[in-house]
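The primary structure of each chain is shown beneath.
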Amino acid sequence: MNARTAEWPAGEVSTIGAVGVAHFCSHLLQLALAPLFLMMRADLGVSFFALGAVLAVFYLFSGVGQVTAGILVDRFGAHRLLLGGVLLQGTATAAMGLAPHYVVLLPLAALAGLGNSVYHPADLSILSHKVAPARLGRAFAAHVIAGSIGFALSPLVSAAISTAYGWRTALGAMGLGVVVLGLVLFACRKALKTEPAHGGAPGAKAAHGPAPTFFQVLAMPVVLTAFLYFLLTSISLSGIQSFSIVALKEGFGATVALATLAVALYQCGNAAGVALGGAVADRTANHHLIAMGGLAMACALALLAAMLVVPPEVTVSLVALVGFAMGMTTPSRDVLVRSAAPAGATGKVFGVVYSGYDIGALLGPLMFGLMLDHHLPRLVFVGAAIPLGLAVMTAFAVRRRPS
């Protein structure tokens, strides 16, 4: 790289900032329910499994919608999908705070999931088109860090508002806050605007050949392996992020405040790992080795958290280290997926592989909810560790580009 490529153009900084705000909104609302489970169970008279089903519906529609969003991103432009998704998710989450009965939460969760479905194919497509390859690893890292900040703040904000005003006010306030941020992004939409895959300069399509269809993308072995990578790691993350608060309280002797802090520290550790991992990703071609090492370390730490009989503060520290290890893998993971995307199919590829994230997040809450209903809180961390171990070999398989 010469001196000019080492600088960050103002346009790239604006794009990364706007995409980061959108990703923050997505993650802020995804974890808004986790600190409310105990309060919602008492108020609505339902089980943890039933509350896990609300999350499952959210991620079902997010996963199915994400595949469709990937196709629409390539056809109509990522910025349109992204802005609509922010506003839809915020509005649906705010409406959940007004739900008179448990059953009303389910269709609202579906709408929120559809809003959430656009983020990854739209965000990563925008970054891939508007940030130079020499800085793409750090751009992906900034994108993930913004989401991690949303995850870190979400349980703290949700718990603070619900403690003072109830769980309904917490969901309403957080949802409306995201709607406001969505309107700000609409005013700054120039930083997000990309041309559809069929647009661009004359001759661009000829230079790369016709863009592959959705079914051609779906048939690529490397894309299917990446899908499995996301599915497995998502099952693990859903256990730590949504159920570790209850698990730490009921099985490890942690107070609600300490258990909530554990999720925030997990996200802080994740953000620190992502920051370091982004710098490493821009300086190496062995992205699969970084992903494999981080997954293996996170698996070992989660198993230690489950098995060691230690003060809860130690377990909380192990949870934070799991976040750091996982964060190290994320920029390299996204660079691996980007390298698998043929010209004109970036949205489709990200849509397919990130739908694995949502399907894993659909299955995880049901599994972890059953564990807690059967009074097996330590098994939550075992259930989080095993998928990470299985994901190690998928990271190795994603190392190659499609032919």
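Above: the structure in question.
This write-up is about the structure you can find in this document. (Residues numbered from 1 in each chain as written. Predicted model: local features only at pLDDT ≥ 70, side-chain atom pairs only at ≥ 80, totals over all residues. Heavy atoms only, no water.)

Within this model, the second largest pocket holds a volume of roughly 190 Å³. Those elements giving two or more residues to the lining of the second largest pocket turn out to be α2 (37-44), α7 (136-165), α11 (221-251) and α12 (256-281). By residue class, the composition of the lining of the second largest pocket is ten nonpolar, three polar and one charged. (1 Å grid on protein atoms, 1.4 Å probe; cavity = no way out; pocket = protein on both sides within 12 Å on 5 of 7 lines; lining within 4 Å. Points joined across faces, edges and corners; volume = space filled by probe spheres on them. Helix = DSSP H or I, 4+ residues; strand = E, 2+ residues; numbered from the N terminus. Nonpolar A, V, L, I, M, F, W, Y, C, P; charged D, E, K, R; others polar.)

Here H375, not a glycine, exhibits a phi torsion of approximately 60°, which is positive. Position of H375 among the secondary structure elements: in the loop between α15 (346-373) and α16 (379-397). By relative accessible area, H375 is classed as exposed at 64%. (Buried < 20%, exposed > 50% of the residue type's maximum accessible area, 1.4 Å probe, protein only.)

Next up on the list: the environment of L29. Residue placement: L29 occurs in helix α1 (residues 10-30). Leaving out residues up to four positions away in the same chain, L29 has contacts with Q89, G90, T93, M174, G175 and V178. (Contact = heavy atoms within 4.5 Å.)

Here we take up the packing of aromatic side chains. According to the stated counting rule, one finds five aromatic pairs in the structure shown. Taking 6.2 Å as the distance between ring centres and 35° as the angle between the ring planes, the aromatic pair formed by F243 and F368 counts as tilted. Taken together, the residues span a long stretch of sequence, with F243 in helix α11 and F368 in helix α15 at a distance of 125 residues. Taking the relative accessible area as the measure of exposure, F243 reaches 0% and is therefore buried. Directly above the aromatic system of F186 lies the positively charged group of R189, at a separation of 4.2 Å from the ring centroid. (Phe/Tyr/Trp six-rings, centres within 6.5 Å; stacked < 30°, edge-to-face > 60°. Lys NZ or Arg CZ within 6 Å of the ring centre and 35° of its normal.)

Under the criterion given, the structure shown has one salt bridge. Here E12 and R135 are joined by a salt bridge, their closest N and O atoms 2.8 Å apart. Placement of E12 in helix α1 and of R135 in the loop between α6 (119-130) and α7 is noted, with a sequence separation of 123 residues between them. Using a relative accessible area of 8% as the deciding quantity, one classes E12 as buried. We classify R135 as buried; its relative accessible area is 5%. (Salt bridge = Lys/Arg side-chain N within 4 Å of Asp/Glu carboxyl O.)

Helix packing for two helices is described by the angle between their axes and how far apart those axes are. In the contact formed by helix α4 (residues 78-96) and α6, the axes pass within 9 Å of each other and the chain directions differ by 140°. Considering their axes alone, α4 and α6 lie oblique with respect to each other. Crossing geometry of α4 relative to α6 is assigned as left-handed. Of the residues in α6, those touching α4 at A78, H79, L82, G85, V86 and Q89 are Y119, A122, D123, S125 and I126. Of the residues that constitute the contact of α4 with α6, the class distribution is six nonpolar, four polar and one charged. (Axes fitted to C-alpha atoms, helices over the stretch in contact; angles between N-to-C directions. Parallel < 35°, antiparallel > 145°, perpendicular 65-115°, else oblique. Left-handed = near helix turned anticlockwise from the far one by under 90°.)

Together, L60, F61, V64, L88, L111 and L114 make up a nonpolar patch on the protein surface, roughly 470 Å² of accessible area in all. Every element with two or more residues in the nonpolar patch is listed here: α3 (48-76) and α5 (102-116). In terms of residue count, α3 provides more of the nonpolar patch than any other element does, three residues in total. Of note, V64 is situated in helix α3. Given a relative accessible area of 54%, V64 falls into the exposed group. (Patch = residues over 30% accessible without salt bridge, like charges linked within 9 Å, V, L, I, M, F, W, Y side chains within 5 Å. Areas by Shrake-Rupley, 256 points an atom, 1.4 Å probe, with all protein chains shown as cover.)

Right, let's get into the environment of D334. In this structure, D334 sits in helix α14 (residues 312-339). Residue classification places D334 among the buried positions, given a relative accessible area of 0%. Residues contacting D334, with those up to four places away along its chain left out, are L124, F140, V144, F230, F350 and Y354.

Moving on to the side chain of S162. Residue position: S162 is located in helix α7. The contact partners of S162, leaving out residues within four places of it in the chain, are L36, M39, W167 and A170.

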